[in-house]
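Architecture at a glance
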Amino acid sequence: MPHLYFGFTIGDWVGIVTIIGAVLGGLGVLAHWLIGYAETTLIQPLKYELRQTAQSIGKLTEASEIKHVGFENRLDDHDRRLDRHSVRLKNVEKEVFKHEN
């Protein structure tokens with residue numbers, strides 16, 4: 001009479017372990033292949049597009065910085081002109097009030 005462990009002989013256990021090992025090994029190979037396929041068909045193109053987008057954003061940032069500096073310079077010029085105009089207006093007001101008195 002053969003020895004039974006949980007209702008199976010040692011030979012049965014060897015067969016069960018072999019089948020489970022083969023199934024798990026096959027699933028591992030399948031998972032490895034799927035991950036590799038996803039890497040080459042999905043992730044690599046996305047990485048490329050993200051790189052391109054980052055470069056475009058960098059160029060836009062540089063261009064906007066240049067425009068911003070230009071606008072600041074123009075505002076400074078306008079501020080100086082406004083200051084000169086306000087000084088002129090004060091001088092004109094003084095002359096007008098001087099002639100009225």
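Refer to the structure above for everything that follows.
Anyway, here's the lowdown on the structure attached to this text. (Residues numbered from 1 in each chain as written. Predicted model: local features only at pLDDT ≥ 70, side-chain atom pairs only at ≥ 80, totals over all residues. Heavy atoms only, no water.)

A short note on the pattern of salt bridges
Operational definition: Whenever Lys or Arg places a side-chain nitrogen within 4 Å of a carboxyl oxygen from Asp or Glu, that contact is recorded as a salt bridge. Helix numbers and strand numbers start at the N terminus; a helix is a DSSP run of H or I with at least 4 residues, a strand a run of E with at least 2. Buried residues are those whose accessible area, probed at 1.4 Å on protein chains only, stays under 20% of the maximum for their type, while exposed residues exceed 50% and partly exposed ones sit between those limits.
Here the structure, examined in full by the defined rule, presents one salt bridge. Note that Arg 80 and Asp 77 form a salt bridge whose closest N and O atoms lie 2.8 Å from each other. Note that Arg 80 and Asp 77 are positioned in helix H1 (residues 10–100) at a spacing of three residues, about one turn of the helix. On the basis of relative accessibility, which here comes to 48%, the residue Arg 80 falls in the partly exposed class. Of the residues examined, Asp 77 reaches a relative accessible area of 35% and is grouped as partly exposed.

Quick word on the packing of aromatic side chains
Note the cut-off: The aromatic pairing rule takes the rings of Phe, Tyr and Trp, using the six-membered ring of Trp, and pairs them if the centres are within 6.5 Å, calling planes under 30 degrees apart stacked, those over 60 edge-to-face and the rest tilted.
Inspection of every chain in the model, using the stated rule, returns two aromatic pairs. For the ring pair Phe 8 and Trp 13, a centre distance of 5.5 Å and an interplane angle of 80° mean the geometry is edge-to-face. For the ring pair Trp 33 and Tyr 37, a centre distance of 5.5 Å and an interplane angle of 15° mean the geometry is stacked. In this pair, Trp 33 and Tyr 37 both sit in helix H1, four residues apart, roughly one turn of the helix. Judged by its relative accessible area of 52%, Trp 33 falls in the exposed class.

Side note on a negative patch on the surface
Heads up, the rule is: Exposure above 30% relative accessible area and no salt bridge define the residues that can form patches, which grow by joining like charges within 9 Å and nonpolar side chains of Val, Leu, Ile, Met, Phe, Trp and Tyr within 5 Å. All accessible-area figures derive from a Shrake-Rupley calculation using a 1.4 Å probe, and residue coverage is judged against the displayed protein chains alone. Positive charges come from Lys and Arg, negative ones from Asp and Glu, while His and the chain ends are left out of the count. Note on charges: their place is set at NZ of Lys, CZ of Arg, CG of Asp or CD of Glu.
Residues Glu 65, Glu 72, Asp 76, Asp 79 and Asp 83 make up a contiguous surface patch of negative charge. In this structure, Asp 76 sits in helix H1.

Considerations on unusual backbone geometry
Of note in this structure, Phe 6 is not a glycine but carries a positive phi near 55°. For Phe 6, the location among the structural elements is in the segment before H1.

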